[in-house]
Amino acid sequence: MESSLTRLNDDQITAILERCFGFSAHALGVKPLKGGTFNETYLIDLSERERVVLKIAPPQAPDTYWDDVALMRREHTVLPFFACIAPLTPKTIFADFTHQVVERDYILQTFLDGEQWSDTEDELTQAENVDLWGQCGEIVKQIHETTGEQFGYPYPGRSFSNWHEVVLDRFSRIARSLKDFQIEISYFSTISNMVSSARSAFDDIHTPRLLHGDLWTFNLLITHKNGRPLITGVLDTERAWWGDPLVDWIMFLLSIRSEESQWQPRLAAFNHGYGALGKSATARFRQEVYKAMHIGASAVWAAHHGNREDVARARQDLSRIAPLLPKLLD
């Protein structure tokens, strides 16, 4: 959930730098970075040639949304598992969760050059965007080929011995959040009941796979080299978790664009880079379940922000998924 952040002052940032580097350090320049909806983020010039990124978690609060709890600590735990794409990810310079300098978790990371793909995608040609989606497919495949030992969330998040338990847990938590916002969506409850009784469809997932959890064009940096756009950065891995590749956020967003004509070349490029996806009935069942899960979470987000239109849209989308699921299990 989006947080209302109180910006740090210069003295606090200086104290953080002194804690990290062990000497009196003063930044040549400090610039808040735009785009984040959870952490407070700064670009800090340490010298004319060295820049770092300071990420500061929101203050701890009892009403923090369940999937936002300890996100920075989860990211710190999971980041080494992104070694498969190490040249594309920021490196952690220093992490401090003691709350001795400021009453919040914070991390200093290396700065990656590039511009957010989301800021320029409308200015790129269709061919350039198609090229980037092919690269994106290759990157996502590399991430998904990394395996773990438990399903669920990096420490201090909860882990599970099987995938079905994770899915049930997420449906239960989303249902409670909908109830907290007094949002009644009977289709979500219907789908949740089907998920509960369809364990065999999820038992096909034996191996926990690394999922980015929040990957889209706003978390990808691009640069141009020899006239070609290249993905040179993958950001914000704090929502990473372990599970079925089909549930990853990017797979959901791509699936809901599958009927849009302008997306056909981009989807084809992504699929070419990623490789073949499972097309069995159980795989299609799981994919529809994951859609319902993400749509339910989106309804919670919309309710939190007072967006009744998106809540209504979520209800309509879920009404289409609910009658489809039994047919996929026949």
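In what follows, the structure referred to is the one given above.
Residues numbered from 1 in each chain as written. Predicted model: local features only at pLDDT ≥ 70, side-chain atom pairs only at ≥ 80, totals over all residues. Heavy atoms only, no water.

**Q** Could you clarify how one ought to interpret the nonpolar core in this entry?
**A** Looking at soluble globular proteins, one finds that nonpolar side chains tend to be buried together. One finds Trp-133, Trp-163, Ile-191 and Ile-250 to be the most contacted residues of the largest nonpolar core, which totals 74 residues. With residues up to four places along the chain from it excluded, the contact list for Ile-191 reads Phe-171, Ala-292, Leu-318, Ile-321, Ala-322 and Leu-325. Membership of the second largest hydrophobic core comes to 13 residues, among which are Leu-8, Ile-13, Val-52 and Leu-108. (Core = buried A, V, L, I, M, F, W, Y, C linked by side-chain atoms within 4.5 Å. Buried < 20%, exposed > 50% of the residue type's maximum accessible area, 1.4 Å probe, protein only. Contact = heavy atoms within 4.5 Å.)

**Q** Help me understand helix α10 (residues 281–304), please; the structure alone is not making it clear to me.
**A** The terminal C-alpha atoms of α10, which comprises 24 residues, lie 35 Å apart, in line with the 34 Å expected from a rise of 1.5 Å per residue. Of the residues one or two after α10, Gly-306 is the one with positive phi, at around 70 degrees. (Helix = DSSP H or I, 4+ residues; strand = E, 2+ residues; numbered from the N terminus. Expected span 1.5 Å × (residues − 1).)

**Q** Can you walk me through the packing of helix α6 (residues 186–196) against helix α11 (residues 308–321) in this structure?
**A** The geometry of a pair of packed helices is captured by two quantities: the angle between their axes and the separation between those axes. Contact geometry of α6 with α11 gives a least axis separation of 8 Å together with a crossing angle of 40 degrees. Between α6 and α11 the crossing geometry is left-handed. On the side of α6, the interface is formed by Tyr-187, Phe-188 and Ile-191, while α11 contributes Arg-315, Leu-318, Ser-319 and Ile-321. Its residues placed into classes, the contact of α6 with α11 shows five nonpolar, one polar and one charged. (Axes fitted to C-alpha atoms, helices over the stretch in contact; angles between N-to-C directions. Left-handed = near helix turned anticlockwise from the far one by under 90°. Nonpolar A, V, L, I, M, F, W, Y, C, P; charged D, E, K, R; others polar.)

**Q** What is the right way to look at the sheet that holds strand β4 (residues 92–96) in this model?
**A** Two orientations exist for strands paired in a sheet by backbone hydrogen bonds: parallel and antiparallel. Taking strand neighbours across the sheet as the criterion, the five strands line up as β1-β2-β3-β5-β4 in an open arrangement whose pairing is antiparallel. At either end of the open sheet lies a strand with only one pairing partner, and these are β1 (29–32) and β4. Geometrically, the sheet is characterised by an average inter-axis angle of 20 degrees between neighbouring strands, direction not taken into account. As defined by bridge partners, β4 adjoins strand β5 (residues 106–110) across four bridges and the pair is classed as antiparallel. Bridging from a neighbouring strand, Ala-95 pairs with Ile-107 of β5. Sheet strands in contact with helix α1 (residues 10–21) are β1, β2 (40–45), β3 (51–56), β4 and β5, and its direction is about 70 degrees off that of β5. Here helix α2 (residues 71–78) sits on the sheet and contacts β3, β4 and β5; the angle it forms with β5, its principal contact strand, is near 45 degrees. (Pairing = 2+ DSSP bridges.)

**Q** For this particular structure, what's the right way to read the pairing of strand β11 (residues 228–234)?
**A** Both faces of the sheet carry side chains from a regular strand, because those side chains alternate between them. One ladder, built from six bridges, connects strand β10 (residues 220–225) with β11; its direction is antiparallel. Among the inter-strand pairings, Lys-225 is bridged to a residue of β11, identified as Arg-228. In this structure, the hairpin formed by β10 and β11 is closed by a connection of two residues, where Asn-226 is found at a positive phi of approximately 55 degrees.

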